[in-house]
Amino acid sequence: MFIILYYVEKYLMIHKFAYKQYFKVLSVLFVVALMVFIIPTITWYIMNGSTQAFKRYIEGIIPIAFMLLPCTIENLGILRYMYIYICIFVNLLVSIAETVHLYLYSCTISMAAIESVFATNLSETQSFFESYYDINVSLLILLNVVVFLLALKILLRITPVKCNIFLWGIIMLSIGCLLAYGPRYLMNRKDVNAFEFLPAYRNYRQARDYFANVEKIKALSNIDIKKNISYTVNGDEDFTLIYVIGESANRKHQGIYGYTRNTTPFISNEKNKLVFSKAYSPASYTSLSHKKMLTLDTKNQVPLIGLLKEIGCETWWISGQSLYNNSTPLLFLADHVMSLNDKHGEDKYYDQELVPYVIEAVKNTKEKKAIFVNLRGSHFRYSALYPADRKVFNDSKGIDSVYATKKQVIDIINDYDNTIIYTDSVLSNIARQLPKDKPVVMIYLSDHGQDAYDVDNRAAHSATRNIGYEIPFWIWYNDKFLEWRMSNIEKWKTYGNRRFCSDALGFIVCDLLDISVRDGNVYRSPLNDAYKEYPINLPEK
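Calculation notes
- Residues numbered from 1 in each chain as written.
- Predicted model: local features only at pLDDT ≥ 70, side-chain atom pairs only at ≥ 80, totals over all residues.
- Heavy atoms only, no water.
- Helix = DSSP H or I, 4+ residues; strand = E, 2+ residues; numbered from the N terminus.
- Buried < 20%, exposed > 50% of the residue type's maximum accessible area, 1.4 Å probe, protein only.
- Contact = heavy atoms within 4.5 Å.
- Areas by Shrake-Rupley, 256 points an atom, 1.4 Å probe, with all protein chains shown as cover.
- Pairing = 2+ DSSP bridges.
- Phe/Tyr/Trp six-rings, centres within 6.5 Å; stacked < 30°, edge-to-face > 60°.
- Axes fitted to C-alpha atoms, helices over the stretch in contact; angles between N-to-C directions.
- Parallel < 35°, antiparallel > 145°, perpendicular 65-115°, else oblique.
- Left-handed = near helix turned anticlockwise from the far one by under 90°.
- pLDDT = per-residue confidence, 0-100.

### Looking at the overall build of the protein
Helix and strand counts for the protein come out as 20 helices and 15 strands. Among the 541 residues that make up the protein, the fraction classed as buried is 56%. Taking all contacts inside the protein whose residues are at least 6 apart in sequence as the whole, residues at least 24 apart take part in 76%. When the accessible surface of the protein is summed, it comes to about 25100 Å², and 58% of that surface belongs to carbon and sulfur atoms.

### Structural notes on the pairing of strand E10 (residues 440-446)
Most of E10 sits inside the fold, with seven of its seven residues counted as buried. By the alternation rule, side chains of E10 split into Val-440, Met-442, Tyr-444 and Ser-446 and Val-441, Ile-443 and Leu-445, which are all buried. Here strand E2 (residues 239-246) runs beside E10; their pairing, made up of seven bridges, is parallel. Bridged to Thr-240 within E10 is Val-440. Sheet analysis places E10 next to strand E13 (residues 473-477), joined by five bridges and oriented antiparallel. Bridge pairing in E13 links Val-441 to Tyr-477.

### Remarks on the packing of aromatic side chains
With the rule as written, the count across this model stands at 14 aromatic pairs. Centroid distance Phe-239 to Trp-484: 6.3 Å. Interplanar angle 10°. Geometry classified as stacked. Placement of Phe-239 in strand E2 and of Trp-484 in helix H18 (residues 479-484) is noted, with a sequence separation of 245 residues between them. The class for Phe-239 is buried, based on a relative accessible area of 4%. Pairing Phe-481 with Trp-484 gives two aromatic rings, centres 5.4 Å apart and planes at 85°, and the pair type is edge-to-face. Placement of the pair is Phe-481 and Trp-484 together in helix H18, with a separation of three residues, close to one helical turn. Judged by its relative accessible area of 1%, Phe-481 is buried. With a relative accessible area of 22%, Trp-484 lands in the partly exposed category.

### Some words on the side chain of Thr-41
As for its placement among the helices and strands, Thr-41 is situated in helix H3 (residues 38-48). In this structure Thr-41 comes out as buried when scored by relative accessible area, which is 5%. Look past the residues within four positions of Thr-41 in its chain and what remains in contact with it is Ala-53, Phe-54 and Tyr-57.

### Structural notes on the pairing of E2
The buried fraction of E2 is high, at eight of eight residues. Pairing of E2 with strand E9 (residues 368-374) involves seven bridges; the strand directions are parallel. Each residue of the ladder has a partner; that of Leu-241, found in E9, is Ala-370.

### Some thoughts on the side chain of Asp-415
Secondary-structure assignment places Asp-415 in helix H17 (residues 407-432). Asp-415 has contacts with Tyr-382, Ser-383, Tyr-386 and Lys-391, leaving out every residue within four places of it along the chain.

### Things to note about the packing of helix H16 (residues 355-362) against H17
One can describe the packing of H16 onto H17 by two numbers: an axis separation of 10 Å at closest approach and a directional angle of 30°. Compared by their axis directions, H16 and H17 come out roughly parallel. H17 is crossed by H16, and the crossing has right-handed handedness. Counted together, Val-355, Val-358 and Ile-359 of H16 and Val-426, Asn-429 and Ile-430 of H17 form the full contact between these two elements.

### A short note on the confidence of the model for the protein
Here the protein shows a mean pLDDT of 84. Residues at 70 or above account for 82%. Within the model, pLDDT remains below 50 along residues 4-9, and this stretch shows four contacts once partners closer than five positions in the same chain are excluded. Taken as a whole, residues 11-17 scores under 50 in pLDDT and shows seven contacts with residues more than four places along the chain or in a different chain.

So, in structure tokens, the structure goes:
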């Protein structure tokens, strides 16, 4: 580095470099750098009052200025103009995305947002805009456009500087290395570089990590089960396991957990059940939650569907959501896979339409069956997830949200609660048609939580609040299953307050079906004799 600086200084002395001109240009660059992400920063501060917004803003000024340096080089000719327009366009898109996300969710773009972009179909996108788009979003977009048009005008009017391109390349490389590696040593963190403070780079990295995670999930499909998990099936009982994954349902709106509205009449009135009051999802978005719920955390994570097939189960994946969204490739391990979304081409249907497919699978002559059911549940837009004639809640009675002072908010909460009671009716419809002469057990949980005006003034996923991770979790079983697992069930009924994460689902299934696993984190299962409480990664401690 010192050698490079020596030759740079020597070159500048020989060629009488125009210091004043270039310092003037650099000062203009810093002005533009200050402009680039000012709107997202102010939005962030207004939405949550955090000074972290300005800290991140200040940290990003130097990397942004570095990114803009090529805009000042005359030798680049037409490439300079192309670079200016590309820089402005890309950063404008990022700034708009960050601003709108901060306005809607009070946090910067997260992995959950990246997953939503790649896993959401056209109909869900339309529902999103119908539910959340308002005049403020338009104004924020307009403000960003105005600021970036002004920045573009300033960059185009800069008087560029002539310099040796080779030398300039060395300078750029040196500064880039300093920004990339300097903070790692100054902050003693190997995962940090100055470019992390650039929203464009940060979002690119999260998208890269998302696709890397998808590839890791796909790789699990090829694992040799016997080589990667040690287990014993303690008996040869026939059974039917029904594993229902809800969508965006939080505990707070469930009558069985004490909600003032009776949103869960079916499961609340059943006697054959295990209810857990401290279950959490491993993520606030679907893809990671599915991946963790559908694998057993052993030395080389084992897919649950693969293990069930290995012990002789016929397996089904029956879904109300799209299969082809890159987020749940593990589902294709099932022997039978179907989706109403992909069957109809659009999501103009309700979860009740899944029931006949579930019952058809239950009636299959195979002795051991595992049926995974993925509901549309309580995803936004809530009003589209239940039939109009099934609307139960239509006023403010029973609503305890401090934000329910406007009719629009009351209507949204009512729609959310109507999706919860509708899901309960779907589960009731399944349970009423299950055989009574063979052991049947049905697990219900949500992939993650949802903030329906419970904590913040919004109805959306929540990566920054515990409400986004707090999920309902219960197990229903018929009398034959009770006979089979009687001694264990009496003990399990006392475990309802055990705290756990739904990434333990694989081990919970093994405990239910009397499969002894001899490695992995079996202690995470609240049903296991080896259970011990463990840390759960939640945003609010």
